[in-house]
Amino acid sequence: MGMIIWEKFRKNIYDNKLVCHGDKILLAVSGGADSMVMTSLFAVLKKSLNIELVVVNFNHNLRKESVKEAEIVKKFAENLNIECVLKDLKTKEYAKEQNISVETAGRQLRYAELEKTAKEYKCSKIATAHNMNDNAETVLMWLLRGTGTDGLTGIPAVRKINKNLSVIRPLLAVSRDLIDGYAKQKNIKFCTDKTNFKCDYTRNKIRLNIIPELNKINPLFIEHVYNLSSIVKQETDFFKKKTNSFILKNVKTTKNKISVNLKSFLRQEEIMQYKILKEILPDKKRAVHINSIINWLKNSPQKNYSLSKDWSAKKTNVSFIFARY
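Engineer: Any details on the pairing of strand S5 (residues 158–162)? Residues and values, ideally.
Structural biologist: On a regular strand, one side chain projects to one face of the sheet and the next to the other, so that they alternate. By the bridge criterion, 4 bridges tie S5 to strand S6 (residues 165–168) in an arrangement that is antiparallel. Directly across from Val158, in S6, lies its bridge partner Ile168.

Put into structure tokens, the structure is as follows:
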């Protein structure tokens, strides 16, 4: 099992170019099995790639167990000779200030603090322990909300924040079963967040109720969703290149106006028209609005179109224009 998870971890890193020789990486470690196993694997990778590692743990101040969990993370990092940073987040206060859910507040604070800590410790990468199961949960959440193909791409293996910093997910090709098995095999002590077993949030309902039933139908369900996400991402990247090429040649954008060559646009396949509008629309990017605009451009004699309270559109013989009111 140890070799299987190591090979999947290493292959994901090399296939997606997640880590380069000499990188300094900030590891986001909650104390759960996923992030503790990730830290253990990075400690092995450190020897071959000459990378520097820093562990950060956040206490969201929502559970009394968090202080103990932080100490477990700190001791684990120290045993691996990795620097560890412990930080407190005032999650409830922030949620109240912003009038958002505690879950959303925790996520926003966590990512903001991750960026701040990465800058403070001169890290070029932030590694999170999202795994194959997390990806399946995300895809199912998007399906329930209603999504185009973009939602099927799931969690990206790498997400660029700015030119100096990226978020990487090296465990994305690894299932939770493999992670738990590796933790047991290597006797890695980890913490269990009891809120993960409460059906208060949509993700937990999917994790606890829906995925187990789907796994009964097909035990390879999680892996199939991951493979689907990988295929759809390749297709999305392909269309992204074609879309960007069209935009470069046929779209002119200023702060208050977007002008598109109408004849060039109408020569495109309908799927390309959809992708182009999805990319350039200043407002109302949902499928129902995009399809309505395509229908207007192709079939309506009307020259004007009201996109939203801030933007209108008009078409001429040579172009169509989105303009801010």
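So, next bit.
Engineer: I'd like a rundown of the packing of helix H2 (residues 33–49) against helix H8 (residues 176–185), residues and numbers included.
Structural biologist: At a minimum axis separation of 9 Å, H2 and H8 run at an interaxial angle of 65°. As the angle between them shows, H2 and H8 are arranged roughly perpendicular. Handedness of the crossing formed by H2 with H8: left-handed. Residue-level inspection shows Ala33, Asp34, Val37, Ser40 and Leu41 of H2 in contact with H8, the latter providing Arg176, Ile179, Asp180, Tyr182 and Ala183.

Engineer: Give a detailed account of the sheet that holds strand S8 (residues 257–261), specifying residues and quantitative values.
Structural biologist: The strands making up a sheet are joined through hydrogen bonds of the backbone, oriented either antiparallel or parallel. In spatial order, the strands read S7-S8-S11-S10-S9; together these 5 strands make up an open sheet with antiparallel pairing. Bordering the open sheet on either side are strand S7 (251–253) and strand S9 (304–306), each of which pairs with just one other strand. Here the average twist between neighbouring strands, direction ignored, is 15°. One ladder, built from 3 bridges, connects S9 with strand S10 (residues 311–315); its direction is antiparallel. Bridging across to S10, Tyr305 finds its partner in Ala313. The sheet contacts of helix H10 (residues 221–250) involve S7 and S8, and relative to S7 the element is tilted by about 70°.

Engineer: Pulling in residues and values, what's your account of the nonpolar core?
Structural biologist: A general tendency of soluble globular proteins is for nonpolar side chains to be buried together. Counting residues in each nonpolar core, the largest one holds 55 residues, and the members touching the most others are Val19, Leu27 and Phe42. Broken down by element, this core gets its largest block of residues, 9 residues, from H2. Residues in contact with Phe42, not counting those within four places in the same chain, are Phe9, Val19, Ile25, Leu27, Ile51, Leu53, Ala127, Ile168 and Pro170. Ranked by size, the runner-up nonpolar core spans 24 residues in total, among them Phe246, Ile280, Ile290 and Trp311.

The rules we used
Each chain has its residues counted from 1, following the order in which its sequence is written. Under the rules for a predicted model, residues below a pLDDT of 70 receive no local features and side-chain atom pairs below 80 are neither given nor counted, while totals for whole chains, interfaces and linings still include all residues. Derived side-chain values reflect all non-hydrogen atoms in the structure, with water molecules and hydrogen atoms excluded from consideration. Two strands are counted as paired when DSSP detects at least two bridges linking them. A helix here means a DSSP run of H or I that spans at least four residues, while a strand means a run of E at least two residues long, and both kinds are numbered starting from the N terminus. Note on geometry: axes are C-alpha line fits, over the in-contact stretch for helices, and angles between N-to-C directions span 0 to 180 degrees. Geometric relationships in this document are graded by angle, where less than 35 degrees denotes roughly parallel, more than 145 denotes roughly antiparallel, 65 to 115 denotes roughly perpendicular, and other angles denote oblique. Crossing handedness is read from the near helix: turned anticlockwise from the far helix by less than a right angle, it gives a left-handed crossing, and turned clockwise, a right-handed one. Residues are treated as being in contact if the distance between any of their heavy atoms lies within 4.5 Å. Here, the term nonpolar core denotes a set of buried Ala, Val, Leu, Ile, Met, Phe, Trp, Tyr and Cys residues that are joined through side-chain atoms within 4.5 Å. Burial here depends on accessible area, computed with a 1.4 Å probe over protein chains only, as a share of the maximum for the residue type. Under 20% is buried, over 50% is exposed, and the range in between is partly exposed.

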